[in-house]
Amino acid sequence: MSVTTPRGFRAAGVAAGLKASGGADVAVVVNDGPDAGVAGVFTTNRVKAAPVRWSQQVVQGGVVRAVVLNSGGANACTGPGGFQDTHATAEHTAATLTSVSPRLILGAGEVAVCSTGLIGERLPMPKLLPGVRSAIKKLSRDGGPAAAEAIMTTDTRPKTTVARGSGWTVGGMAKGAGMLAPGMATMLCVLTTDAVAGPATLDEALRAATRVTFDRVDSDGCMSTNDTVLLLASGASGIEPTPTELAAAVTAACHDLAQQLVADAEGATKQVAIDVVGAADEDDAVEVGRTVARNNLVKTALFGNDPNWGRILAAVGTTAAAFEPDEVDVAVNGVWVCRGGAAAEDRSKVDLTGRDVTIRIDLHAGTSAATIWTNDLSHAYVHENSAYST
């Protein structure tokens, strides 16, 4: 259940001293081939971290043989020096891999870099670079779980997945527990596959998958500066699935990881699915679902086990979606508390004592639908984020 489940990949995770806790904080994933195709999607935040800007350039080349990731520092808003740190990390990774594994002769332009942690501080390179070397020396086919642990920040548990095709596999790992709002995707994520697929096919599959999974996660309405999702293909299975088959497996892996992200969101006591149906088009459905997901009054009501459907309807009314207010229906955990824009079943029938919550909104304006996944807003979320940098 990791990035090393597909054939052709090795990984490792080590503690380099970037985290004050002393926990694992540097991970390396290597594609041993024979192929080295790659696709990537990145944050649309205009303030992009240095590793995002570097990896965007690398992915354009269509070949990635290694990914180096660190927690304990985002390397965002660090100026030209921060970008040079990213470049130096890629160069160091390439040189070390080449010296340790002579059959892997690669340059910095084939190394993607990902960072996560506090924004605004330079990375301690005297710790990071030896950590990279240590991780490379520990690379193994069993190293996926350690790599997944090393990229955690406020996550309470590592997040890994596997989706199987016919003779080929997709594996993945992700981190993310806060700043989970879409701008393509919402965290650091590395996906691997031993299928035979070129960069164009990988890009098509990845974008189709993120559109309906990571792009539909909206935990707290805050977009990160470091969001990166990479899909690497080794071709080691020798099997070339159809684009449809590949996209289905990548989507399944992304969906599983997305659900794990929501389940582990900072301070969350509820895992909420907002199903919007009867929309004029998909964009309307997404807008309505996202608006409700980001509404603090709705989120706090869910934390308090209060099925306050009026807050939901009020949030829907702030969107530009096509609907008539007196035709909207709302159900909470299967109880239709609102019909035709007015009170319906007794809200006391709604059971919110469990962790899973489903809000269904029928706009009665068309046939399109979408689901947005979110969580509640708790005391613990406020506490965790009130002194994050201190």
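As named in an unreviewed UniProt entry, the protein is Arginine biosynthesis bifunctional protein ArgJ, taken from Micromonospora arborensis. Heading Subunit (unreviewed entry) of the UniProt record for the protein holds this comment: "Heterotetramer of two alpha and two beta chains." Taken verbatim from the UniProt record of the protein, the Sequence similarities (unreviewed entry) comment is "Belongs to the ArgJ family."

Asks: Would you take a moment to explain empty space enclosed by the protein for this structure?
Replies: If you roll a probe as big as a water molecule over the atoms, it shows you where there is empty space left. Applying the stated rule across the entire model yields 1 cavity of 30 Å³ or more. In terms of lining residues, the largest cavity is bounded by Val 298, Ala 301, Leu 302, Asp 306, Pro 307, Asn 308, Trp 309, Ile 312, Val 332 and Ile 359. Elements with a minimum of two residues in the lining of the largest cavity: helix 8 (296-303) and helix 9 (309-316). The dominant element in the lining of the largest cavity, judged by the number of residues it contributes, is helix 8, at 3 residues. For the lining of the largest cavity, the per-class residue count stands at 8 nonpolar, 1 polar and 1 charged.

Asks: How should I be thinking about the domain arrangement of the protein in this particular structure?
Replies: In many reports, interface size means the accessible area that the parts give up when they come together. Assigned domains of the protein: these are domain 1 (9-263) and domain 2 (271-385). Put simply, the middle of domain 1 and the middle of domain 2, counted by C-alpha atoms, are 33 Å apart. Counting residues at the interface gives 17 residues for domain 1, matched by 16 residues for domain 2. Around 1,400 Å² of area is buried between domain 1 and domain 2 when both sides are counted, 41% of it from carbon and sulfur atoms. In this structure, the connection of domain 1 to domain 2 is made through 4 salt bridges. Salt-bridge contacts for Glu 282 lead to Arg 211; the nearest nitrogen and oxygen are separated by 2.8 Å. Put simply, the parts of the chain that give the side of domain 1 that touches domain 2 at least two residues each are helix 5 (199-212) and helix 6 (243-263). Among the elements that take part in the side of domain 1 that touches domain 2, helix 6 stands out by supplying 4 residues, more than any other. Of the residues in the side of domain 1 that touches domain 2, the class split is 6 nonpolar, 6 polar and 5 charged.

Asks: Help me understand the nonpolar core in this model?
Replies: One broad rule of soluble globular proteins: the nonpolar side chains tend to lie buried together. Among the nonpolar cores identified, the biggest contains 53 residues, and Val 26, Val 28, Val 67, Leu 69, Met 173 and Leu 230 are the most heavily contacted of them. The residues touching Met 173, leaving out its near neighbours within four places in the chain, are Val 3, Val 29, Leu 69, Ala 147, Ala 148, Ile 151, Lys 159, Thr 160, Leu 188, Cys 189, Val 190 and Leu 257.

Asks: Even after reading the chapter, I still don't get the sheet that holds strand 2 (residues 26-31), so can you show me in this structure?
Replies: Strand pairing within a sheet occurs via backbone hydrogen bonds; the two strands may be parallel or antiparallel. Spatially, the 4 strands line up as an open sheet ordered 1-2-4-5, and their pairing is mixed. Sheet topology places strand 1 (9-14) and strand 5 (111-115) at the edges, where each strand pairs with a single neighbour. When the angles between neighbouring strand axes are averaged without regard to direction, this sheet yields 10°. Bridging between strand 2 and strand 4 (residues 66-70) involves 5 bridges; their strand directions are antiparallel. Looking at the pairing, Val 26 lines up with Asn 70 of strand 4. On the sheet, helix 2 (residues 79-100) packs against strand 2, strand 4 and strand 5 and is oriented at approximately 130° with respect to strand 5.

Asks: Help me out: how do you make sense of the layout of surface pockets in this one?
Replies: Considering only enclosed or pocket space, the second largest pocket measures out at about 310 Å³ in volume. Lining the second largest pocket are 16 residues, and of these Leu 18, Lys 19, Ala 20, Gly 72 and Gly 73 lie nearest its centre. Residue composition of the lining of the second largest pocket, by class: 7 nonpolar, 6 polar and 3 charged.

Asks: It is not clear to me how the packing of helix 2 against helix 3 (residues 125-137) should be interpreted in this structure. Could you clarify?
Replies: Packed helices, taken two at a time, are described by their axes: the angle between them and the distance between them. Viewed as axis vectors pointing N to C, helix 2 and helix 3 meet at an angle of 30°, and their least axial separation amounts to 10 Å. It follows that helix 2 is roughly parallel to helix 3 by the angle criterion. Considering only the axes of helix 2 and helix 3, their crossing is right-handed. Contact residues: Asp 85, Ala 88, Thr 89, His 92, Thr 93, Thr 96, Leu 97 and Val 100 in helix 2; Met 125, Leu 128, Leu 129, Val 132, Arg 133 and Ile 136 in helix 3. Each residue belonging to the contact of helix 2 with helix 3 can be placed in one class, and the counts come to 8 nonpolar, 4 polar and 2 charged.

Asks: I'm lost on the pairing of strand 4 in this one. Help?
Replies: Within a regular strand, the side chains alternate between the two sheet faces. Strand 4 sits mainly inside the fold: 5 of its 5 residues count as buried. On strand 4, burial covers both faces: Ala 66, Val 68 and Asn 70 on one face and Val 67 and Leu 69 on the other are all buried. Judged from the 5 bridges that link them, strand 4 and strand 5 form a sheet pairing that is parallel. Opposite Leu 69, over in strand 5, you have Cys 114 as the bridge partner. Assessed by its sense of winding, the connection that carries the chain from strand 4 through helix 2 to strand 5 is right-handed.

Criteria and cut-off values
- Residues numbered from 1 in each chain as written.
- Predicted model: local features only at pLDDT ≥ 70, side-chain atom pairs only at ≥ 80, totals over all residues.
- Heavy atoms only, no water.
- UniProt positions renumbered as here; feature names shortened; annotations may be inferred.
- 1 Å grid on protein atoms, 1.4 Å probe; cavity = no way out; pocket = protein on both sides within 12 Å on 5 of 7 lines; lining within 4 Å.
- Points joined across faces, edges and corners; volume = space filled by probe spheres on them.
- Helix = DSSP H or I, 4+ residues; strand = E, 2+ residues; numbered from the N terminus.
- Nonpolar A, V, L, I, M, F, W, Y, C, P; charged D, E, K, R; others polar.
- Domains from an automatic or database assignment.
- Contact = heavy atoms within 4.5 Å.
- Buried area = accessible area lost by both parts, 1.4 Å probe.
- Salt bridge = Lys/Arg side-chain N within 4 Å of Asp/Glu carboxyl O.
- Core = buried A, V, L, I, M, F, W, Y, C linked by side-chain atoms within 4.5 Å.
- Buried < 20%, exposed > 50% of the residue type's maximum accessible area, 1.4 Å probe, protein only.
- Pairing = 2+ DSSP bridges.
- Axes fitted to C-alpha atoms, helices over the stretch in contact; angles between N-to-C directions.
- Parallel < 35°, antiparallel > 145°, perpendicular 65-115°, else oblique.
- Left-handed = near helix turned anticlockwise from the far one by under 90°.
- Right-handed = clockwise from strand over helix to strand, strands pointing away.

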